[in-house]
Each structure stands twice: as structure tokens, then as C-alpha cells.
Amino acid sequence: MDPTHRGPDEFGHDRNGSAQDAGRRRPTRDPLTPDFGQQTPQQARIVPLISGDLLLTVNPVDGSEVEPCRPGEQPAEPVRRTPAERADRERAAAPPVPPGPPVLQLPLLQREDERERLVRLLARGRSVRLTGPAGSGRTALLEAVAADCAQLAPDGVVRLSGHKRTVTDLLYGLFDAVHDAPLHRPDRALLLAKLRTTGAVVVLDDLEFGGAALDELLDATPECAFLLAATPDVPAPGADSHLEEVFLAGLDGEASVVLMERVVERPLTEEETNWAGDLWFESEGLPLRFVQAGALLRRRDLLRADPTAYDEYGYLDSRPAQAPLPAEAPEPPLPSLGEGAAPAALLASGLSGAARDTLRFAVALGGEVPHQAHLPALVGDTHADAALGELAGCGLLSPAGPRYRLAAGVVAQLEAAGYGDDATDRARTAAQHYAWWAGHPSVTPARAVAESDAILAAMTQLVPGDGAGQTSVAVLLARSASPAFAAGLHWSAWEKSLRIGQEAARIAGEVAEEAYFHHELGVLALCTGNPDRARAELETSISMRGALADKPGAVAGRRALALVEDLSGGPAAGGVPLNEEIPAGRFEASSPGGPTVGLPVTMPRSYADETAVLPRQTAPKGAGSGADGRFAVLGGARRNLVAAGAGVLLAGVLGTVVTLGLTSNSDPQDDPAVSTEQSVSEDDGSEDELPADESTDDAVAPAPAPSATSSTPGPTGSEAVPTGSGSPSPGSSAPQDTPSSSGNPSSDGPTPSDKPTGPTKPPTPTKSTPPPTSESPSSPSPSDTPSPTDSATDGPSLPDSSDSASGPSGVTSASADESAAPSGSASPA
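Overview of the structure. All values reported here derive from a predicted model rather than from experimental measurement.

**Brief notes about the packing of helix H17 (residues 423–438) against helix H20 (residues 470–487)**
Turning to step 1, where the next piece is worked out: One way to put it is that H17 packs onto H20 with a least axis distance of 8 Å and a crossing angle of 30°. Judged by the angle between their axes, H17 and H20 are roughly parallel. Of the two elements, H17 crosses H20, and the hand of that crossing is left-handed. Judged by residue contacts, Thr424, Arg428, Ala431, Gln432, Tyr434, Ala435 and Ala438 of H17 engage Gln470, Val473, Leu476, Leu477, Ser480 and Ala481 from H20.
Turning to step 2, where the next piece is worked out: Taken together, the residues that form the contact of H17 with H20 break down as eight nonpolar, four polar and one charged.

**Description of the sheet that holds strand E8 (residues 184–185)**
Turning to step 1, where the next piece is worked out: Pairing in this open sheet of four strands is mixed, and the strands run E3-E2-E1-E8 from one edge to the other. Pairing within the sheet leaves two strands with one partner each, and these edge strands are strand E3 (65–68) and E8.
Turning to step 2, where the next piece is worked out: Where strand E1 (residues 47–51) lies against strand E2 (residues 54–58), five bridges are found, and the strand directions are antiparallel. Bridge pairing in E2 links isoleucine 50 to leucine 55.
Turning to step 3, where the next piece is worked out: In the packing of helix H22 (residues 511–527) onto the sheet, the strands contacted are E1, E2 and E3, and the crossing angle to E2 comes to about 155°.

**Re the nonpolar core**
Turning to step 1, where the next piece is worked out: One finds Leu56, Val66, Leu359, Leu396, Leu406, Leu414 and Phe485 to be the most contacted residues of the largest nonpolar core, which totals 88 residues.
Turning to step 2, where the next piece is worked out: By residue number, the principal contributor to this core is H20, which donates 10 residues.
Turning to step 3, where the next piece is worked out: Those residues within four positions of leucine 359 in sequence are excluded, and the remaining contacts are Ala348, Leu351, Leu391, Leu396, Leu406, Leu414 and Tyr419.
Turning to step 4, where the next piece is worked out: With 29 residues, the next largest nonpolar core counts Val158, Tyr172, Leu214 and Phe226 among its residues.

**Examining the sheet that holds strand E10 (residues 225–230)**
Turning to step 1, where the next piece is worked out: Strand order in the open sheet made by the five strands is E6-E9-E10-E5-E11, with parallel pairing throughout. Edge positions in the open sheet fall to strand E6 (157–161) and strand E11 (244–247), since each of these has one partner strand only. Across this sheet, the average inter-strand angle for adjacent strands is 15°, counted without regard to direction.
Turning to step 2, where the next piece is worked out: In this structure, strand E5 (residues 128–131) lies alongside E11, joined through four bridges in parallel fashion. Looking across to E11, one finds that valine 128 is bridged to glutamate 244.
Turning to step 3, where the next piece is worked out: The strands that helix H4 (residues 138–148) touches are E5, E6, strand E9 (201–205) and E10; relative to E9, the one it contacts most, it runs at about 170°.
Turning to step 4, where the next piece is worked out: On the sheet, helix H5 (residues 167–178) packs against E6 and E9 and is oriented at approximately 145° with respect to E6.

Calculation rules
- Residues numbered from 1 in each chain as written.
- Predicted model: local features only at pLDDT ≥ 70, side-chain atom pairs only at ≥ 80, totals over all residues.
- Heavy atoms only, no water.
- Axes fitted to C-alpha atoms, helices over the stretch in contact; angles between N-to-C directions.
- Helix = DSSP H or I, 4+ residues; strand = E, 2+ residues; numbered from the N terminus.
- Parallel < 35°, antiparallel > 145°, perpendicular 65-115°, else oblique.
- Left-handed = near helix turned anticlockwise from the far one by under 90°.
- Contact = heavy atoms within 4.5 Å.
- Nonpolar A, V, L, I, M, F, W, Y, C, P; charged D, E, K, R; others polar.
- Pairing = 2+ DSSP bridges.
- Core = buried A, V, L, I, M, F, W, Y, C linked by side-chain atoms within 4.5 Å.
- Buried < 20%, exposed > 50% of the residue type's maximum accessible area, 1.4 Å probe, protein only.

Don't take any of this as a statement about function, it's just geometry.
Written out as C-alpha cells, the structure reads:
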């Protein structure tokens, strides 16, 4: 019965029913008590991805699964985006427009020479590195140059942000901007092949690396022209990079005053102009400082006009006409020079409460400003999204990719003003919110990737944490966000979240979560081509989940580990190395007629090579007793081992049957000549106790045919003592291997069935005796009166254990009835 595809006659379905009714599944049962606070269970978001030749299934429950792509499931070849598609993607990747009044658009002053030079170099296909201090207006200049170069390259202009991005992130970002490959992350070879044919003007802001990493970026894209913007503290490019260097300085005094007048939207007074001159000398003409200083003057104008005329959000109140005018307030003084050089705290004091809370969250997150859609939930105000417009109008924000972050120097200024005192509590609140948001099924991976910097900043702030529950919140956030980062193909953020989550789980003592993060790190290392790290992480995860009895997770880990061994050609794929100790109970199949690979006993591999399986017609060497014969029998394959065991059992059965037959034939119960005290020795009854792997042929001596002229061996393999017309006296003892009176050897030999398989000592030849005649009871026996011929022996006698086991009555052969006197003769008492 197949439990998945049941027949129509099972579980009450008749054969006349339709296939649709037979395969219909009962829907999930709704909660019985929805009013008691039970939430509807949400399905896990499982996303299949293609990473090179591997199929990655992001599973947030038991861990991601990875397997090779089947031949028919390979993704389609990445196609280039059209100009319309590139334009739509560029608009979607731009920072959102802040709500509220439109932000003032400022002109680009004293940058005409640099702008023309950059466009001219990019038109020639040269790459340029624009270096300037933070706040010098690099981002505004890049936007202007990008607009001028829109038609230079066949793949257009690609804008990228280097803020907290590596070389690999930028390479995949450039690939995604030019090519359309949904849910496909190409391997290194395909990525480089596509980037070699990409021709675009790449505008890269906030570059954070140089040297060999920058050389790698340039070498991978030979057909692209780069415009890189970096600060002076970023490492310089290599000597062979062939980059053009353009330095960006500050504005002069006249341009600074013009910029401030554009911000204030009125001409400056003489006092304000002098204050602007002092500020220019202090700030070295950085445009950001004059934008913020202009915001201070605009706020001063609001206070001087009517402090009560505007509400808390800066909008003009609708005051009744009959309301009396307030008394003229004294003119507020100009800010000091120090406040003009570091105006963040002073500007924040004039903002609304929601805007100040937003600044506190941004300081707690290391300068990362949450998206405006998250501000109402974080701040607790439904209108908190308007705070982003207030911050942007004051010059406290700067764009960073699809988001905003605090401008240069603002974080340090706000921390000095006390905005970072409750940073840990703010980070915990943000982490709890992001943990709920990132794991919600309605949130797409692209939205989670756009908020990755703020999410990672919240986790970093909580690990390691001294407060109660901080690391547990970080574990929860990493558990929710890491699958979204993986599905969104932002794998550097995926790796960072996994490592932070693993450390947080270790500190918090959450072993199950730590095992999950180890598993994900192993899968990530496998997909990025690092099998050694993947093996270590997966083995750690499997051991942890085995200790926790997490069977589904352990199975997922073993599958991934098996794939690692297959791809890396490890021990699981290459067999057992030479001279390796093979564990007991290990059997491996062998090809017909060939040697086996494993042995069922613990022994070196070199010994196993000597004990190969022999053909059926050839008997193994030393098949008898001894260690060599035993291991030779066990060295074969499973069928050879069964045949060897059957042969040993058959030999034991045959030996037992022959021995019992001889004993029954030589021990008649009605013969008074045989003493009832004659019995077999203690060794005779141990045949049934022989081990199965030892040959029973050694325990059974050759049994010659019974005759009156030859000595007959007893059950223990010792030769019988030949007697004359009567039996020996009770007081006499005969030696075991005493030859008979005849000097002729016996012609009877052992039968083929009784031939031993191992090397045994041949029996001592005996001499025949004349036929027994009827003598008087007083005639001496051969044992009492030995003849000269009887004393001659052909060889040393074999000792037997039955000699010591016999009593004073002596050892009597089992064939005493054949060597005794005829029935008519008398026997001594």
C-alpha cells in the first residue's frame, strides 16, 4: 500500500468514484477557540534558489537543504535588461521621498571643472577615483555626472552603494543591475563570464576598500568605466590599477555664503555674513556644514517671527482674526561658532518629539535610520513617518543606497549630547520589531534586504549584551531575518546574521538555535565553494542535534554533509585509505570474482589484501585450524562466508555421525567380555562444544576400517591396544601406541571423508598380529610378555589426553570386542 497515492477502494472510496474525490485532502482544522488569544498558524516561507549547479531550498524550520540540480531543472540563461527595465529598477532602488514638505533642492556650486573632467575621462573609458572628505558634496557631484553619462555605455549607468559592501557584493550587485536572473545566483565562473561582456558606467559611492580588493573589482569588469567616491582614509588603489585620481576640496567663502542663502531662502545680513565667514574658516568650506548652519538660521527666523505661530511639526497654525497679537519677543542671538561647527544637538532640540526619538533609534543602530514605514511602530506615534522629512530638511541625513543614514559626524555629536544613553533599550525594541516584521509572510525578501543594515546593527548592539534577555532577542532576530537575506540573495548579510546569531545562541545557552545556525553556515559554505568549512559546521550541527534528539534537523544535516563528501571527494566517496583500521561489523559489497573492500573484523587493510576471495574450485590455504585458516574463511564476501560456515557445520555433523557409528559398532551391550568400566574420556564429549569457526576435522582422528588384524582408533583418536586371546588383567595398564606383534604395517588407511583438512601428524604404523587362537585363560597376553618384535617401533608415539584421564583400570579401545578372544574362550575375572 502506498500511503501517498492510495487506491480508490481504500478508506471508504469505491472504484466508481472520481480520481479528484480520491485525492482530495481535508483542509486544515481551524482553531476551536479563536477568541482565547490563539493565533492562526503561519506557514513557513520556503524559497527554492539556484546557486551554481546546486538547488538551495531555504527552509527556516529545520534548516536549508541543498542538492544537485537535476538535468531538466537548470535555470535559463541570464538575459540583459532593457533600458526601460533598468530605469524601473533604478527608481525602485532610490531612497524614498520623505513625507511632508518637499526637501529643498540645492545647486551644485563650484564643481563645474571637476564635473567636466569626470565626464571626459569616463567617455574615454577610463576609471576615476574621486577622493574627498566627508561632507564635501561627493554624492551630489556623482548624481550630476551620472546624469551626463546616461548615453555613453550600451548598458547605461549603474548606481551602486559601497557602504558596508564587499567586492563580492558589488560584483553580484552589478550583475543583477544589468541581467535579469530571478532566484538565480550564478557561480564564480558564470558571474565573471557575464561581467566581462558588461559595458556600463558604474557610479559607486561610499567605497570602503582599496588595494587588492579594488584591483579584483576592476579586473573582473574590463568593459566598465568606474566612478568611485571615497574618503581619504580608505586604502589607496594598487599601482597597476590605472585609476585617475580627482581630489575634491571645499568651497570658497563666496560660494559658502551663496549656499547658505539658498538654504535660508533670503539674503544674509552683515552679522550673519561675518558669522558665515568664521564658520568657513572653521569647517574648511565643507558644504554639509553650511547646509546645517543654514538650517540653524532658518529656525532662528521662525523664532523671531512668532514663536507661537507654528505647531510642533513646523506648520503655520490657523489663528482666529480677533486673537490679540503677542508682544514682540527679543531677537534671538546667533549660534556660537562651536554650535555652528557641530550643530546636530542644537538642531535636534528644535525638532518634534517623534523626530528626536527617531534620532535616538538611529544612534542606537550606529547611524542607520529605519525606514519611514517602521517609525510609527518604533516611536509609538502614527505620524512619526513625517520625522524623516524634518531630519532631511535639517541636513542630518544622507542617502545610502535605498535608505538614509545619519550624515557624517552627526552620531558623535548626538552621543555627546546624551542621545545614546538608552541605546541598548532602543536596540532591543528595534530588534523585537524587526524579528516580527522579517518573519511575516507578507514581507518580501527584497524589502528585508533593503533594511538589512538596520537589522544587522540591532543584532550587533545586543551581542554580547549584559542585560537580561538581550542575547535571546538577538537569536530571535537572526532566526527570522537570515532566511529572508538568503532568499533575497544578499549572502553577505546572511553570513553576518548567522554568525551573530550563533554567538548569541552560545551565550544564551540555546543549543537548538546554535545547531541551526551551524547548519546554515555549513550550507552557505557549501554553496560558496568552501567544503572544509562546510564539513566542520555541518558536523557540529549534526552532533548538537543528535544530542537534542532532533531527527528532522539531523537528517537535513546528514544530507548536506553527504553532498559535501561527494563534491569534495572525501572518504565517503573515495573508499578506505590504506592501512586504516576497519571497524568491526563493516561489510562492503564486492564485484563478482573480485576482492572485497571491507572485513567483518578489526584488522589492518594490508592483511585484508592478502585474504582475497578465492574461486570456488580452489580450497583456501590453511583451511584447517589456526588463525590463518580462520581469517581466510572470514576474508571473503558475504556469500563466501555463508558457504564456509555451511562447510564447517557439515564437517562437524559428519564427524559426529562417524564417531557415533564407530562407538555403537564397537560397544555391544551383550558382550560380557567388555568391561562396563570402559568409557570415553572427557575430551570425547566436547565435540558439540567446539566453536563454529574451528574445523571439527581436527577433533576426529582417521578411523580405519575395523578388522581383526589392525588396531582400531578409539573415539578420542588414540589407537587401541591390540590384545591376544583374552583381555588384560585389571591391574595391568597398556601403553597407548604399543605396536602389535606383527611387523607388517596395516594396509587399511583412513577414509577420504575422515581426511583432515589441516596439517596433522600421521598415525604411527602398527604391525599386524596373527589371528587369535583359542588359548587357556592362563596364557599371557601380549602386553604382559612382549616379544622382541613387539618392542620395535617405527616412530615416536603421540601423547593423548586420555592417558591422564583414565583410571587405574587403564584405557580400553572402543574396538575391544574385535580384538578380544572368541566367545568360546574364558575371560579372567
